[in-house]
Amino acid sequence: MPLNKPNYGDLNWHTPLNAALDYLDAKVLPTGPTGPAGTTGPTGPAGATGPTGAVGTPGVTVVAVPATPTSTGVVGQIAFNSNHVYIAIGTNSWARINRDNWN
């Protein structure tokens, strides 16, 4: 809806306010229906990488029974047979524990 302004000949027709109303009339007049939406723009850049999570305790890996106390092995490896349980206590360093029946 256009803004109302005085008719020609009315008092104070040539004022700054009327000049502003003339300008706004040109900008605010009713328009036609809205057109369809434009296409989606390109995807923006990736966000920052989040913090690294805490490092958990290494798991245990079951391996073949070592032949000697200095057989290849690392901490976190275990082995067993019917007589012993073997635990790698360091790099290429094994401890052997006798198995016992809980009778």
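What you see is a predicted model; the values in this text were computed from it and never measured.

Draft legend 1. Geometry of the sheet that holds strand 2 (residues 77-80). The mixed open sheet is built from 4 strands, whose spatial order is 1-2-3-4. Here the strands that pair on one side only, and so sit at the sheet edges, are strand 1 (61-62) and strand 4 (93-98).

Draft legend 2. Just the pairing of strand 4, in detail. The sheet contact formed by strand 3 (residues 84-90) and strand 4 spans 6 bridges and is antiparallel. Its bridge partner being in strand 4, V85 is matched across the sheet by I97. Between strand 3 and strand 4, which follow one another and run antiparallel, lie 2 residues, and N92 among them has a positive phi close to 55°.

Draft legend 3. The arrangement of the confidence of the model for the protein in detail. On average, residues of the protein carry a pLDDT of 79, and 67% of them reach 70 or more. When pLDDT is averaged over each helix and strand of the protein, the minimum, 63, is found for helix 1 (residues 16-28) and the maximum, 95, for strand 4.

Draft legend 4. Summary view of a nonpolar patch on the surface. A contiguous nonpolar patch, built from I87, I89 and I97 and spanning about 260 Å² of accessible area, is present on the exposed surface. Tracing the backbone shows I97 in strand 4. For I97, a relative accessible area of 42% puts it in the partly exposed group.

Draft legend 5. Inspection of the pairing of strand 2 at higher detail. Residue alternation in strand 2 divides its side chains into a buried set, Q77 and A79, and an unburied set, I78 and F80. Alignment of strand 1 against strand 2, held across 2 bridges, turns out to be parallel. Bridged to V62 within strand 2 is I78. The loop that links strand 2 with its antiparallel partner strand 3 comprises 3 residues.

Parameters at a glance
Residues numbered from 1 in each chain as written. Predicted model: local features only at pLDDT ≥ 70, side-chain atom pairs only at ≥ 80, totals over all residues. Heavy atoms only, no water. Pairing = 2+ DSSP bridges. Helix = DSSP H or I, 4+ residues; strand = E, 2+ residues; numbered from the N terminus. pLDDT = per-residue confidence, 0-100. Patch = residues over 30% accessible without salt bridge, like charges linked within 9 Å, V, L, I, M, F, W, Y side chains within 5 Å. Areas by Shrake-Rupley, 256 points an atom, 1.4 Å probe, with all protein chains shown as cover. Salt bridge = Lys/Arg side-chain N within 4 Å of Asp/Glu carboxyl O. Buried < 20%, exposed > 50% of the residue type's maximum accessible area, 1.4 Å probe, protein only.

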